[in-house]
Amino acid sequence: MCIVSVLDVYKNKINVNTEIIIRGWMRNKRDSKLGFSFLDIVDGSSVYPIQFIVYNHLLNYQEVLKLTTGCSIIAKGILVYSQGKNQVYEVIAKKIKIYGWIDKPNQYPISSKKHSMEFLRTVPHLRSRTNLISVISRVRHIVMKSLHDFLNENFYYWIPTPIITSLDTEGMGSMFRVSTLNFCSIPKNSDGSTNFNSDFFGKESFLTVSGQLTLESYACSLSKVYTFGPTFRAENSNTSRHLAEFWMLEVEQAFINLNNVINLAESLLKYVVHTVLEYCTDEIKFLMNKVDHKIKEKLETFLITDFIQINYSEAINILLNSKKRFQEQVRFGLNLSSEHEKYLIHYYNYRTVVIKNYPKSLKAFYMRLNDDQITVAAVDILLPGIGEVIGGSEREERIDVLISRLKEYKYKNQDYEWYIDLRRYGTVPHAGFGMGFERFVSYITGVSNVRDLIPFPRTVKNSYC
Ligand code: 4AD
Ligand code: MG
């Protein structure tokens, strides 16, 4: 007799005619008038439930008849080949121990009927009990693991960068404040501004929008590094691709340029997609059934198709020459909106589109100025369906240019002294990128809203659980 997972059974790790114990939750039950019931039990390890056949001679069969979706169970029985055609295995129950009943079953939010994603977002603490969210969770896990695997296999070191910082790396001004000041009596300077001397860190502090700047310091010694963690942006963007708390992978490397960054990102994305196709076969099958029947084909095509690379100026020309009327204005010097991104992806037949060399005014101060003095060596990588998944650049390694860029942005040099030190002491060309993890998982799963790809989404006016 052994305690096993449902996945152990489906991976053929258990011999038939063995006594097994499965611990999980009942998904469905069918009672036959002939004196037996079928229980479908899930434990989160597999897309498929395991079917227990419970005969009425079991001592607590009357209790079994009262089971409803969601009850927790420890079930013992003999594993056999199934007589039915819907499953390979089933278990002849010898004992069913009911652990937790469902309080008021008709009010249980996760009944066996189909639920909308919008409804499930209102019960984030329970939604992982659905097949779709558990599939997403397992794919998310494999994506995360394979990112680490790729970087480890290629000798990048994982550097945890700080979550609390005083730097607005991206210059967006959309940061969450971290403070221990009493909101009811905020200390003031003589000019009326807040006096942060008595705050915990003695200066204004925030949750990080990117670990890049501190990661650069390690790239300038360990050469190949990455950071991976939660990232926070207080953007008032109520869209399907924005979260206030999301996970970002950032990779940084010394002695590489923009082309190297693009190639590295392409290899990384393809490695992960390849791994998902290899290890998540049941999950992909499920997603094809429930979300997008072309998902496997899309991912397989992604693996064998080169990324399209264009300059920002070419992207603007394509948009200007199109017959489509865009809501947002198109002009050199203006940001590309999501409808522009969509058009470009459509223009290139749903391939991955890499846009390079943006006007410096659109990008952060740290990006390396190109010889034209107008653009910076920046890159955005756009994936069909979700848009920008990666943003990266060469970093300005020339101290004089960096200082004049800080001046243009009206940043105080004293706040960036340590960052300037990296250019003062043995500066090197270096570059890197950041990947929005949930956006990439959205591309892989075909699930369009990033709120469904992170367990407990934080968005404007929503931080439930
Ligand atoms: O393009 P971003 O702002 O780049 C940076 O932060 C750089 N410092 C990264 C680097 O070079 N090390 O953000 C990187 C990616 C975006 O391409 C997008 O995929 C994702 O992070 N992202 C978000 N994902 C979900 N919700 C949001 N609010 C996001 N903002 C950015
Ligand atoms: Mg960006």
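Structure shown above.
Source: prediction; values computed, not measured. (Residues numbered from 1 in each chain as written. Chains lettered and ligands numbered in written order. Predicted model: local features only at pLDDT ≥ 70, side-chain atom pairs only at ≥ 80, totals over all residues. Heavy atoms only, no water.)

Undergrad: What is the right way to look at the layout of surface pockets in this model?
TA: Leftover empty space is mapped by rolling, across the atoms, a probe with the size of a water molecule. The volume enclosed by the largest pocket comes to roughly 1300 Å³. Along the walls of the largest pocket sit 49 residues, with Arg233, Arg241, His242, Glu388 and Arg439 positioned nearest its centre. Among the elements that make up the lining of the largest pocket, the one with the highest residue count is strand S16 (residues 387-394) (six residues). Residue composition of the lining of the largest pocket, grouped by class: 20 nonpolar, 16 polar and 13 charged. Each pocket or cavity is described by its volume, and for the second largest pocket that value is around 1000 Å³. Surrounding the second largest pocket, 35 residues form its lining, Arg27, Thr130, Asn131, Leu132 and Phe286 being those nearest its centre. (1 Å grid on protein atoms, 1.4 Å probe; cavity = no way out; pocket = protein on both sides within 12 Å on 5 of 7 lines; lining within 4 Å. Points joined across faces, edges and corners; volume = space filled by probe spheres on them. Helix = DSSP H or I, 4+ residues; strand = E, 2+ residues; numbered from the N terminus. Nonpolar A, V, L, I, M, F, W, Y, C, P; charged D, E, K, R; others polar.)

Undergrad: Would you explain the packing of aromatic side chains in this entry?
TA: For any two aromatic rings, the description comes down to two numbers: the centre-to-centre distance and the angle of the planes. Applying the stated criterion to the full structure yields 24 aromatic pairs. Ring geometry for Tyr10 and Tyr48: centres 6.1 Å apart, planes at 75 degrees, overall edge-to-face. Of this pair, Tyr10 sits in helix H1 (residues 6-10) while Tyr48 sits in the loop between strand S3 (36-42) and strand S4 (50-55), and the two are 38 residues apart along the sequence. Note on Tyr10: relative accessible area 21%, which makes it partly exposed. By relative accessible area, which is 33% here, Tyr48 ends up partly exposed. (Phe/Tyr/Trp six-rings, centres within 6.5 Å; stacked < 30°, edge-to-face > 60°. Buried < 20%, exposed > 50% of the residue type's maximum accessible area, 1.4 Å probe, protein only.)

Undergrad: How do you make sense of a nonpolar patch on the surface when you look at a structure like this?
TA: Where nonpolar side chains cluster on the molecular surface, the patch consists of Ile163, Ile164, Phe200 and Phe201 and spans about 390 Å² of accessible area. If you trace the backbone, Phe201 turns up in the loop between strand S9 (177-178) and strand S10 (205-207). (Patch = residues over 30% accessible without salt bridge, like charges linked within 9 Å, V, L, I, M, F, W, Y side chains within 5 Å. Areas by Shrake-Rupley, 256 points an atom, 1.4 Å probe, with all protein chains shown as cover. Salt bridge = Lys/Arg side-chain N within 4 Å of Asp/Glu carboxyl O.)

Undergrad: Looking at this structure, how should I read the environment of Lys145?
TA: Mapped onto the fold, Lys145 is located in helix H4 (residues 131-153). For the pair Lys145 and Ser237, spaced 92 residues apart in sequence, the C-alpha separation works out to 29 Å.

Undergrad: I tried to follow the site of ligand 1 on my own but got confused; where do I start?
TA: Near ligand 1, the surroundings consist of 23 residues, among which Glu170, Gln212, Arg233, Glu250 and Glu388 are the closest. Burial of ligand 1 by the protein amounts to 94% of the accessible area it has alone, namely 630 Å². In this structure the site holding ligand 1 corresponds to the largest pocket. Elements with a contribution of two residues or more to the shell around ligand 1: strand S12 (245-254), S16 and strand S17 (430-436). (Near = heavy atom within 4 Å. Sits in = over half its atoms within 2 Å of the grid points.)

Undergrad: I'm lost on the side chain of Arg423 in this one. Help?
TA: Along the chain, the position of Arg423 falls in helix H12 (residues 417-424). Classification of Arg423 by relative accessible area gives buried; the value is 4%. There is a polar contact of 2.9 Å between the side chain of Arg423 and the side chain of Glu216. Other than its neighbours up to four places away in sequence, Arg423 contacts Glu216, Arg395, Glu396, Glu397, Ile399, Leu402 and His430. (Polar contact = N/O pair within 3.5 Å; in protein donor to acceptor, adjacent residues only side chain to side chain. Contact = heavy atoms within 4.5 Å.)

Undergrad: In this structure, what is going on with the sheet that holds S10? I would like to understand it.
TA: Each strand in a sheet pairs with its neighbour through backbone hydrogen bonds, running either in the same direction (parallel) or in the opposite one (antiparallel). One open sheet accounts for three strands, arranged S8-S10-S9; its pairing is antiparallel. This sheet does not close on itself; its edge strands, each paired only once, are strand S8 (164-165) and S9. (Pairing = 2+ DSSP bridges.)

Undergrad: Got a minute to help me understand the pattern of salt bridges in this structure?
TA: Think of it this way: side chains of opposite charge can pair up when their charged atoms draw near. Applying the stated criterion to the full structure yields 23 salt bridges. Salt-bridge contacts for Glu19 lead to Lys94; the nearest nitrogen and oxygen are separated by 2.7 Å. Here Lys94 lies in strand S6 (residues 89-100) and Glu19 lies in strand S2 (residues 19-32), a separation of 75 residues in the sequence. A residue is classified by how much of its surface remains accessible, and Lys94, at 47% relative accessible area, is partly exposed. Here Glu300 ties to Lys296 by a salt bridge, and the two come within 3.5 Å at their closest N and O atoms. You can see Glu300 and its partner Lys296 sitting in helix H8 (residues 295-304), four residues apart, about one turn around the helix. For Lys296, a relative accessible area of 36% gives the class partly exposed. If you follow the salt bridges from partner to partner, you end up with Glu19, Lys76 and Lys94 in one network.

Undergrad: In this structure, what is going on with empty space enclosed by the protein? I would like to understand it.
TA: A full pass over the atoms with the stated rule returns one cavity of 30 Å³ or more. Of the pockets and cavities examined, the largest cavity occupies roughly 60 Å³. Taken together, Pro162, Thr165, Leu167, Thr169, Thr208, Ser210, Gly211, Leu213 and Thr214 make up the lining of the largest cavity. Its residues assigned to classes, the lining of the largest cavity comprises three nonpolar, six polar and no charged.

Undergrad: Explain the sheet that holds strand S13 (residues 308-311) here, please?
TA: Ordered in space as S7-S11-S12-S17-S16-S15-S14-S13, the eight strands form an open sheet in which the pairing is mixed. Each having just a single partner strand, strand S7 (157-158) and S13 make up the two edges of the open sheet. Across the sheet, helix H5 (residues 212-222) touches S7, strand S11 (224-232), S12 and S17, and the angle it forms with S12 is around 30 degrees. (Axes fitted to C-alpha atoms, helices over the stretch in contact; angles between N-to-C directions.)

Undergrad: Whenever I open this one, the nonpolar core confuses me. Can you help?
TA: Grouped burial of nonpolar side chains is what soluble globular proteins tend to show. Ranked by internal contacts, the top residues of the largest apolar core, which has 91 residues, are Leu39, Ile50, Phe52, Ile96, Val143, Phe440 and Ile444. A per-element tally of this core places helix H6 (residues 258-279) first, with 11 residues. With sequence-adjacent residues up to four places away left out, Phe440 is seen in contact with Val143, Leu269, Val272, Val273, Leu383, Val389 and Met435. With 34 residues, the next largest nonpolar core counts Tyr312, Ala315, Ile316 and Leu406 among its residues. (Core = buried A, V, L, I, M, F, W, Y, C linked by side-chain atoms within 4.5 Å.)

Undergrad: What should I look at first to understand helix H9 (residues 312-321) in this one?
TA: For an α-helix, 3.6 residues make a turn, and residues three or four places apart therefore share a direction. Among the residues making up H9, those that are buried are Tyr312, Ala315, Ile316, Ile318 and Leu319. Projected down its long axis, H9 shows its buried positions confined to an angular sector of 160 degrees, all on one face. On its buried side, H9 packs onto S13, helix H10 (338-347) and strand S14 (353-359). (Arc of directions from axis to C-beta.)

Undergrad: Help me out: how do you make sense of the side chain of Ser45 in this one?
TA: Mapped onto the secondary structure, Ser45 falls in the loop between S3 and S4. At 3.5 Å, the side chain of Ser45 forms a polar contact with the backbone nitrogen of Val6. Engagement of the side chain of Ser45 in a polar contact is seen with the side chain of Asp43, the distance being 2.6 Å. In this structure Ser45 touches Ser5, Val6, Leu7 and Arg138, once residues within four positions along its chain are discounted.

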